[in-house]
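An overview of the molecular structure
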Amino acid sequence: MFAVLLAMMGATMGTEGTIWTNALDARTSGISVPARQEYAVWVWATDAADTVSLAGHELAIPKDEKSGGQFTWRNAGKVPLDAGAAQVVIANPIAVAQFCITTNADLVPSNALGDQRVFDQPVTPGDTRADIDRGTNTLFFMTPFADRAEWESFADGLRRRFLVACGLWPMPERTPLNAKVYDDVVHDDYIVSKAYFEARPGLLVTGNLYRPVGDGPFPGVICPHGHWDTGRLEDGERGSVPGRCITLARMGMVVFSYDMVGYNDSCQFDKAWGHGGGIPDEARKAQALWGLHPFAVQLWSSVRALDFMETLPYVNAQQLACTGASGGGTQTFALNAVDPRVKVSAPVNMISHSMQGGCICENAPIIRFNACNMEVGALAAPRPMMMVSATGDWTRETQNFEYPAIHHIYEMYGAGDRVANVHVDAPHNYNQASREAVYRFFGKWILGQGEKYANFSEPPFTVEPREKLQNFPDSKPPAGYPDYATLVAQTIDQTRAKWDALLPQNAGGYEAFSAKARPALADIVTAELPCAKQVRAKAVSTSKEEGYSVERVVLSADAAQAVPALIYRPADNKPTGVAVLVHGAGKAALSGLEKGGPGALVSALMAKGRVVMTLDPFLVGENLSTMKETKRRTTNFPDTFLPTDTAYRIQDTLAALLHARTLAPCGASIDLIGLGDAGIWALFAGALDAGVDKTIVDANGFAVNDDAAWVAGPYMPCIRGIGDVTTAAALYGSRELLVVGGNDAWSQAVRAYAAVSGRAPGDIVTAETPGPEALASAL
């Protein structure tokens, strides 16, 4: 085992009783020592430092006349300490950056610092990702696209990301709808019925069906509602969902108006679950691991609503449309994004550059990493779409901002006349003026009677009493239908079974599996693999030591990323390959903590002729301030707009692997070792980068089948919904993968990799974690 004990933001201890800890952790948690004895106290400080107290022993921090105001290491003397945590009090906290407490009389901390850090002062490398403010109320700009080909490449990826986010990649089985249309109320010019069907076995989608009198076939329109107080039954001045449906039916269209999760007859999921609150954050994250969340349930319900319409004998399945306002507008353009059967659409009061949706049901994980609702809305192109906006809400600038941006995409198809905007002087609404704009647009593009409906006005209507519209007046589904907990468990089981069925059974199935799995994993991580030349390496310093040299660099593939890394080169400079090492506690854990220099694993790899790179990924090691807390900016719906810490750390590992290609001759081996918590990061990075020759993954006791462990540790929404470590292992194909410290929980991943690689399970996983020499020999 490695001779280090390290916590992510805590102390590092060497084998002979040496503890390294930053000043922040010392102040907040004290310094823990392993045994009662006398320790030398070294302090990384400036001349402004005065005294420090350890366990009540006050020590004066000496001045350094040669420091020039810089941080330097100062020996503050010796103190007797009892085993356990010693309280630390620093007289001038801003003048002290780090402590080294040791029983090693030969240790000089300044000699060890250059193998722990890129910078010789307690500064961070300038990574700004933790400060990114990106959320539902951010002001967005439309991504510029040079031509249609560039747009379509982007659009394909965005559509896939929506599907991955919602557990719909690939699409689930279209199980029987078991639809019921009943209790018809017949009028002279339309019929309204109660209706429901099953989106998944036992999962009810509830609503009303409005249809013209006659046999049809008629065009079909599905109507998701927004966050009206009474949902699909709302009938007021700002919006009448039944009034809209009655009028569309009178015009000659079949309309299905259905409940959002938790509204009216949709009583299997609690309304709070679907629209905020309801369950603890940890439980919601555990469901999101599987792509299960309100947005996903509603999107799949909308897809199945189209299926339902196609089964009706009086509906023309080639003429399907969708319209809704506010949250229903979000559902409209989300459905447009993933289902080409929607031929015409009208999202009302929703496509905005300044507000992306205020409810959890509009903010699925990962969907807006690189887009806002303008790009999503543009996915309708070149199909006809009406954008209705209002002066009194977040669509107030649509005429000048959102509409021109989306119109530009339509013009790439020569279809500029197929997108329109009507701007209504009103607060947030789907009022009569807005409805009439949609009637006229649908009259033209669905009914093909543009002249007839050019000046169409909504005739008076009478909405049926609530009891004539509601399926379950007692707010309970029919007997035998599952409850919330059962539906959640069933959905997870179905998602797991879907991905298990995709796993390749042999090498022959690898390519088809990879084509599905690797893009999905890249979507979750937000990983794009640029060429190695796009990863810039800013040199900070270089030093030559006996038998090797070390370069200190900061890697970046974009303006926000800054990854501090150390590059060790054997003295003969004739590398046989490059080994990238990433440790959950940072590159300091891979250094020689007692005497300085590289640690045992780095030294063993250099002895084999390898160039070795160690790095600190996002919010690890040198990326953390030693004196004040470093944390990410809080935003609303963070999983929707920004990668998680784990995803960023995988991105940083990928950047290091790409730069590694420039450090050795073409064709030299590029290998990856992930230790501690970084074992999981390395597993996914190696799965994404097919140029990695061999990867060694430290299982680190991680319970891969425990949702709570994923939430508390390497959390990434949707990752379990695409097979997590099993999919990652299978993506290695014929490349070499070794899991050390594995347990039975890794058995499925081992079997999946064995199937595609042809290797025996005993050659894939070890129960113990080998020492440095054995790990180096494994490469």
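The structure presented is a predicted model; accordingly, all values stated were derived computationally and were not measured.

Overview of the sheet that holds strand β14 (residues 203–211)
Taken together, 9 strands build an open sheet; the order of strands is β12-β13-β14-β16-β15-β17-β18-β19-β20 and the sheet is mixed. In the strand order of this sheet, the two ends are held by β12 (180–186) and β20 (419–427), each with one partner. Taken over all neighbouring pairs, the strand axes of this sheet differ in orientation by 20° on average, direction set aside. Across 2 bridges, strand β18 (residues 342–348) lies against strand β19 (residues 385–392) in parallel orientation. Looking at the pairing, V348 lines up with V388 of β19.

Observations regarding the packing of helix α3 (residues 148–165) against helix α14 (residues 510–525)
Put simply, α3 and α14 touch, their axes get as near as 10 Å, and they point 85° apart. The angle between the axes of α3 and α14 places the two elements in the roughly perpendicular class. Note on element contacts: α14 touches α3 through P519, A520, A522, D523 and I524, opposite G157, R160, R161 and V164. Here the contact of α3 with α14 is composed, by residue class, of 5 nonpolar, 1 polar and 3 charged.

A look at the side chain of N471
Relative to the assigned elements, N471 resides in the loop between α12 (466–469) and α13 (484–502). Residue class for N471 comes out buried when judged on its relative accessible area of 7%. At a separation of 2.8 Å, a polar atom in the side chain of N471 contacts the side chain of Y182. Those residues in contact with N471 that lie beyond four places of it in its chain are Y182, K194, A195, Y196, T206, G207, R232 and D265.

A word on the packing of aromatic side chains
Taken as a whole, this structure holds 26 aromatic pairs when the rule is applied. Where F684 meets W710, the ring centres are 6.5 Å apart and the plane angle is 50°; that geometry is what we call tilted. Note that F684 is positioned in helix α18 (residues 678–688) and W710 in helix α19 (residues 707–712), a separation of 26 residues in sequence. With respect to class, F684 is no different from W710; both count as buried. These aromatic residues form a ring-pair network of at least three members: W20, W44, F71 and W73.

Considering the sheet that holds strand β10 (residues 88–90)
Taken together, the 3 strands give an open sheet; going across it, the order is β7-β6-β10, and neighbouring strands pair in antiparallel fashion. Because the sheet does not close on itself, it has two edges, and the strands there are β7 (57–60) and β10. The sheet shows a mean angle of 20° between the axes of neighbouring strands, taken without regard to direction. Note: strand β6 (residues 51–54) against β10, 3 bridges, orientation antiparallel. Paired with S53 across the bridge in β10 is V89.

So, how was this worked out
- Residues numbered from 1 in each chain as written.
- Predicted model: local features only at pLDDT ≥ 70, side-chain atom pairs only at ≥ 80, totals over all residues.
- Heavy atoms only, no water.
- Pairing = 2+ DSSP bridges.
- Helix = DSSP H or I, 4+ residues; strand = E, 2+ residues; numbered from the N terminus.
- Axes fitted to C-alpha atoms, helices over the stretch in contact; angles between N-to-C directions.
- Parallel < 35°, antiparallel > 145°, perpendicular 65-115°, else oblique.
- Contact = heavy atoms within 4.5 Å.
- Nonpolar A, V, L, I, M, F, W, Y, C, P; charged D, E, K, R; others polar.
- Buried < 20%, exposed > 50% of the residue type's maximum accessible area, 1.4 Å probe, protein only.
- Polar contact = N/O pair within 3.5 Å; in protein donor to acceptor, adjacent residues only side chain to side chain.
- Phe/Tyr/Trp six-rings, centres within 6.5 Å; stacked < 30°, edge-to-face > 60°.

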